[in-house]
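# Fold and contact review
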Amino acid sequence: MIYLDYSATTPISKEVLDTYVKVSEEFIGNVNSLHSLGVKSKKLEEQSTRQIAALLGVNSNEIIYTSGATEGNNTVIKGICSLYKNRGNHIITTELEHESILAPLSYLQKEGFKISYVKLKKNGTVDLDNLKELLTDETILVSLASVSSELGILQPIEEIGKLLKEYPKCFFHVDITQSVGKVKVDLTDVDLATLSSHKFYGPKGIGVLVKKANVNILPLIHGGKSTTNYRSGTPALPLIAATAKALRLAMDNLDTQYQHVLKLNQYLKAALSKYPTVHINSTDASIPHILNFSIVGIKSETFLHALESEDIFISTRSACSGHNHYSMAVKAVTDNIEYSNASMRISLSYLTTKEEIDVFLKVFDEKIKELTLK
Ligand code: PMP
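Calculation rules
Residues numbered from 1 in each chain as written. Predicted model: local features only at pLDDT ≥ 70, side-chain atom pairs only at ≥ 80, totals over all residues. Heavy atoms only, no water. Near = heavy atom within 4 Å. Polar contact = N/O pair within 3.5 Å; in protein donor to acceptor, adjacent residues only side chain to side chain. Helix = DSSP H or I, 4+ residues; strand = E, 2+ residues; numbered from the N terminus. Nonpolar A, V, L, I, M, F, W, Y, C, P; charged D, E, K, R; others polar. Buried < 20%, exposed > 50% of the residue type's maximum accessible area, 1.4 Å probe, protein only. Arc of directions from axis to C-beta. Contact = heavy atoms within 4.5 Å. Pairing = 2+ DSSP bridges. Axes fitted to C-alpha atoms, helices over the stretch in contact; angles between N-to-C directions. Salt bridge = Lys/Arg side-chain N within 4 Å of Asp/Glu carboxyl O.

Near the ligand there are 14 residues, and of these T70, D175, S196, H198 and K199 occur at the shortest range. Here A69 contributes a backbone N or O atom positioned 3.3 Å from an oxygen atom of the ligand. Between the ligand and the protein, one listed contact pairs an oxygen atom with a side-chain N or O atom of S196 at 2.6 Å. When residues of the shell around the ligand are assigned to their parent elements, the largest contribution, three residues, is made by helix α3 (residues 69–84). When the residues that make up the shell around the ligand are grouped by side-chain class, the tally is two nonpolar, ten polar and two charged.

With that settled, consider helix α9 (residues 300–308). Taken as a whole, α9 has its buried residues at S300, F303, L304, A306 and L307. One side of α9 carries all its buried residues, which in axial view fall inside an arc of 160°. Contacts made by the buried residues of α9 are with β10 (290–295), β11 (312–313), α11 (337–341), β12 (343–347) and α12 (354–373).

Read across the sheet, seven strands follow the order β2-β8-β7-β6-β5-β3-β4 without closing on themselves; strand pairing throughout is mixed. Of all strands in the sheet, those with a lone pairing partner are β2 (63–66) and β4 (114–117), marking the two edges. Put simply, the sheet's adjacent strands are angled 20° from each other on average, direction ignored. When strand β6 (residues 171–175) meets strand β7 (residues 192–196), the two strands line up parallel, connected through three bridges. Bridge pairing in β7 links D175 to T194. Packing of helix α2 (residues 36–56) onto the sheet brings it into contact with β2, β7 and β8 (207–211), and relative to β2 it is tilted by some 110°.

A few words on the pattern of salt bridges. The final tally for this structure, using the stated rule, is twelve salt bridges. Of the charged contacts in the structure, one is a salt bridge between D335 and K331, with a shortest N-O distance of 3.3 Å. Accessibility expressed as a relative area gives 59% for D335, which makes it exposed. By relative accessible area, K331 is classed as partly exposed at 25%. A salt bridge links E366 to K362, with the nearest nitrogen and oxygen atoms 3.3 Å apart. Here K362 and E366 lie together in helix α12, a separation of four residues that amounts to about one turn.

Taken in spatial order, the three strands make up an open sheet running β9-β10-β12, and their pairing is antiparallel. Pairing within the sheet leaves two strands with one partner each, and these edge strands are β9 (278–280) and β12. When strand polarity is set aside, the average angle formed by the axes of neighbouring strands in this sheet is 30°. Bridging between β9 and β10 involves three bridges; their strand directions are antiparallel. Bridge pairing in β10 links V278 to I295. Here helix α8 (residues 254–273) sits on the sheet and contacts β9, β10 and β12; the angle it forms with β10, its principal contact strand, is near 10°.

With that settled, consider the side chain of E356. For E356, the location among the structural elements is in helix α12. Those residues in contact with E356 that lie beyond four places of it in its chain are M1, I2 and L351.

In this section: the environment of T352. The residue T352 is located in the loop between β12 and α12 in this model. Each C-alpha atom, one on T352 and one on L247, is 19 Å from the other, the two residues being 105 residues apart in sequence. Among residues more than four places away in sequence, those in contact with T352 are L4, Y6, H260, L264 and I357. Within the structure, T352 has its side chain in polar contact with the backbone nitrogen of S349 (distance 2.9 Å).

See the structure below:
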């Protein structure tokens with residue numbers, strides 16, 4: 001099997017799984033129980049939370065556990081808008097966002113909020129002049145991903161954060177789901193950030209929401225204290241400890257892993273660019289882990305299944321964007337409807353080998369010839 005869909009999800013690493021199993025077996029008490037088993041669990045939760053906070057460069061009291069980035073994004077967007085709606089009703093985002101940002105925003109639009117999509121430069125990064133033009137006294141939230149899931153566009157988060165400091169009524173939310181473990185993330189000027197552990201070899205079913213201490217939100221899920229009052233439910237200690245482990249492993253080897261992926265990306269991109277019908281949709285602002293492309297004249301789904309028949313796995317759009325084939329993100333960057341209808345994504349990992357890419361390219365060549373003839 002050749003797995004090239006690491007941005008959809010990653011396999012849990014052995015060490016992380018070991019932590020999950022060990023904590024499940026040895027820490028049976030509820031973190032919030034008063035007896036000694038609870039106290040033992042609470043200690044581990046606090047230690048894991050301190051570790052996660054330190055790795056993200058924030059304080060322990062700024063960490064909220066969720067079921068994943070989808071819940072995190074919904075909590076941030078709905079939680080800020082319900083609490084601060086008296087300040088204003090305007091939100092700014094981009095056309096590159098994941099459904100878990102776009103869908104709560106459309107929901108809020110029906111409730112009377114105004115949503116603006118900031119213009120993008122040719123390489124897909126935010127046009128800062130246009131962002132300035134869009135910001136008004138009514139703007140209460142700017143919400144976007146530091147790395148977009150379909151095209152891997154890396155946004156200038158620090159610059160945007162600095163700019164937004166001049167607008168103290170406006171909160172800045174960054175979805176760092178596709179950044180963690182791939183590129184450095186600086187949350188200094190960010191008010192809220194969201195992530196999912198399963199994107200960096202952690203377990204599925206847990207995410208982290210960073211909410212800076214000076215920011216308030218209305219919880220999405222009520223039900224008493226968990227690790228915080230912002231998201232109720234018995235703390236999932238094995239998932240929390242496993243997340244701390246996965247995050248440490250991800251951050252430990254960031255630079256060497258990045259260089260490995262960069263080399264593979266360059267090799268792959270050079271090979272794919274030789275085909276006259278292949279268009280690379282990722283830009284020079286895309287991180288090397290994500291390579292988005294279209295083949296003119298071939299349906300992306302057909303090509304995905306043709307590769308799958310040879311045990312090679314890639315994706316069409318992001319795994320969660322349902323059956324709507326048209327990619328708003330690819331359209332926003334390429335301004336080409338044909339590319340937007342046929343986009344595919346290869347996502348690479350430090351686990352990917354040159355041998356795997358060679359096999360992929362051989363099969364790619366066979367399949368593109370076969371399907372072009374049809
Ligand atoms: N945001 C981004 C940028 C993503 O790539 C994803 C997952 N594809 C999500 C949010 C949602 O993550 P999850 O499905 O783990 O909730």
